[in-house]
Amino acid sequence: MTRLMIVAASVREGRIGLPIAQWVLREAEADGRFEIDFADLKEIALPLMDEPNHPRLRQYTRDHTKAWSARVDAAEAFVFVQPEYNYSYAPSLKNALDYLHQEWRRKPVGTVSYGGISGGTRGVTALRPVEQALGLVPTSANVELAWAAQQIDDEGVFQPRESNERMLHTQFDELIALSAALSPLR
Ligand SMILES: Cc1cc2nc3c(=O)[nH]c(=O)nc-3n(C[C@H](O)[C@H](O)[C@H](O)COP(=O)(O)O)c2cc1C
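This text gives an overview of the structure that appears in the document. As the structure is a computational prediction, the values presented were derived from the model and not from experiment.

## A short note on the overall build of the chain
Piece 1. Helices and strands together make up the secondary structure of the chain, namely six helices and six strands.
Piece 2. Listing each helix as α and each strand as β along the chain from the N terminus yields β-α-β-α-α-β-α-β-α-β-β-α.
Piece 3. The dimensions of the chain, computed from C-alpha atoms along their principal axes, are 45 × 35 × 25 Å.
Piece 4. Counting contacts in the chain only where the partners sit at least 6 residues apart, residues at least 24 apart contribute 81% of the total.
Piece 5. Approximately 8800 Å² of the chain is accessible, and the part contributed by carbon and sulfur atoms is 51%.
Piece 6. For the chain, the separation between the mean place of its 20 positive charges and that of its 25 negative charges on side chains is 7 Å.

Written out as structure tokens, the structure reads:
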């Protein structure tokens, strides 16, 4: 089993990110190859990065950082469910990333991005240098949802297209392969 963390990045009131992340959770559970930690950044509610030391030192002083560190450390792969804000990524995600360092290193990350016409891709591209700084290794199979709000039904449930499901499963395969390949480097 691969220990997968699904990160719901949006913390906004009325966010569509939660139903999209819940779809990723359902698919990962049905896949059967993952031990899953569902990390809802709204629920985790990290304050703006408030540690006095560089995260690389791992000298954490706050309980919220220690708890977040333990969860990320335990994960072997990530899926970031991320919106695009002003042609970039959500600040909540950048903040959650900035808190830690070694915990992210040499681990694969897939993205499920969403927004308007760009499907959140500018936000994904903007996050790449950050991921590189942290030693995260991005998948090439990424789910991109254009006008994603139209796929949320009246009950607030995300309704995937077949192409979305196919891409997510290709991403799962890649996450498992990369996680195994990277584990000797960790
Ligand atoms: C502050 C803000 C900036 C946005 N900027 C973009 C953008 O640059 N590109 C885009 O496709 N959608 C943009 N949108 C629309 C979002 O894609 C849409 O509101 C989506 O529902 C946001 O995800 P969330 O509901 O999970 O927070 C923006 C929305 C907000 C609130």
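Okay, back to it.
## Side note on the layout of surface pockets
Piece 1. Its volume calculated, the largest pocket comes out at about 150 Å³.
Piece 2. Residue assignment for the lining of the largest pocket shows that the elements contributing at least two residues are α2 (41-44) and α4 (91-98).
Piece 3. Element by element, the count of residues in the lining of the largest pocket is highest for α4, at four residues.
Piece 4. When its residues are assigned to classes, the lining of the largest pocket shows eight nonpolar, two polar and one charged.

## Things to note about the environment of A146
Piece 1. The topology assignment puts A146 in strand β6 (residues 143-146).
Piece 2. Taking the C-alpha atoms as reference points, A146 and L48, separated by 98 residues in sequence, lie 29 Å from one another.

## Description of the site of the ligand
Piece 1. Of all residues adjacent to the ligand, which total 14 residues, the nearest are S10, R12, Y85, Y114 and G116.
Piece 2. Separating an oxygen atom of the ligand from a side-chain N or O atom of R12 is a distance of 2.6 Å.
Piece 3. Measuring from an oxygen atom of the ligand, one finds a backbone N or O atom of G17 at 2.9 Å.
Piece 4. Coverage of the ligand by the protein amounts to 72% of the 600 Å² it exposes when considered alone.

## A closer look at the pattern of salt bridges
Piece 1. Evaluation of the coordinates by the stated rule reveals 12 salt bridges.
Piece 2. D40 is the partner of R15 in a salt bridge, and the nearest nitrogen-oxygen pair spans 2.8 Å. With a gap of 25 residues between them, R15 in the loop between β1 (2-8) and α1 (17-31) and D40 in strand β2 (residues 34-40) connect regions that are remote in the sequence. This pair shows no difference in class: R15 is buried, exactly as D40 is.
Piece 3. A salt bridge links E84 to R122, with the shortest nitrogen-to-oxygen separation between them at 2.8 Å. Separated by 38 residues along the polypeptide, E84 in the loop between β3 (77-83) and α4 and R122 in helix α5 (residues 121-134) bring together distant segments of the chain.
Piece 4. When its relative accessible area of 33% is taken as the criterion, R122 is described as partly exposed.
Piece 5. Ionic contacts of the salt-bridge type, sharing partners, join the residues D31, R33 and D173 into one network.

## What about the packing of α1 against helix α6 (residues 162-182)?
Piece 1. One way to put it is that α1 packs onto α6 with a least axis distance of 11 Å and a crossing angle of 60°. Between α1 and α6, the crossing angle belongs to the class labelled oblique. Judged by the twist between their axes, the crossing of α1 over α6 is right-handed. Within the contact between the two elements, α1 uses W23, V24, E27, A28 and D31 and α6 uses N164, E165, L168, H169 and F172.
Piece 2. Across the contact of α1 with α6, the residue classes tally to five nonpolar, two polar and three charged.

## A look at the side chain of R15
Piece 1. The exposure class of R15 is buried, given its relative accessible area of 13%.
Piece 2. Here S10 takes part through its backbone oxygen, which lies 2.9 Å from a polar atom of the side chain of R15.

Cut-offs used in this document
Residues numbered from 1 in each chain as written. Predicted model: local features only at pLDDT ≥ 70, side-chain atom pairs only at ≥ 80, totals over all residues. Heavy atoms only, no water. Helix = DSSP H or I, 4+ residues; strand = E, 2+ residues; numbered from the N terminus. Contact = heavy atoms within 4.5 Å. Areas by Shrake-Rupley, 256 points an atom, 1.4 Å probe, with all protein chains shown as cover. Lys, Arg positive; Asp, Glu negative; His and termini not counted. Charge placed at Lys NZ, Arg CZ, Asp CG, Glu CD. 1 Å grid on protein atoms, 1.4 Å probe; cavity = no way out; pocket = protein on both sides within 12 Å on 5 of 7 lines; lining within 4 Å. Points joined across faces, edges and corners; volume = space filled by probe spheres on them. Nonpolar A, V, L, I, M, F, W, Y, C, P; charged D, E, K, R; others polar. Near = heavy atom within 4 Å. Polar contact = N/O pair within 3.5 Å; in protein donor to acceptor, adjacent residues only side chain to side chain. Salt bridge = Lys/Arg side-chain N within 4 Å of Asp/Glu carboxyl O. Buried < 20%, exposed > 50% of the residue type's maximum accessible area, 1.4 Å probe, protein only. Axes fitted to C-alpha atoms, helices over the stretch in contact; angles between N-to-C directions. Parallel < 35°, antiparallel > 145°, perpendicular 65-115°, else oblique. Left-handed = near helix turned anticlockwise from the far one by under 90°.

Remember that the coordinates give geometry; whether it matters functionally is a separate question.
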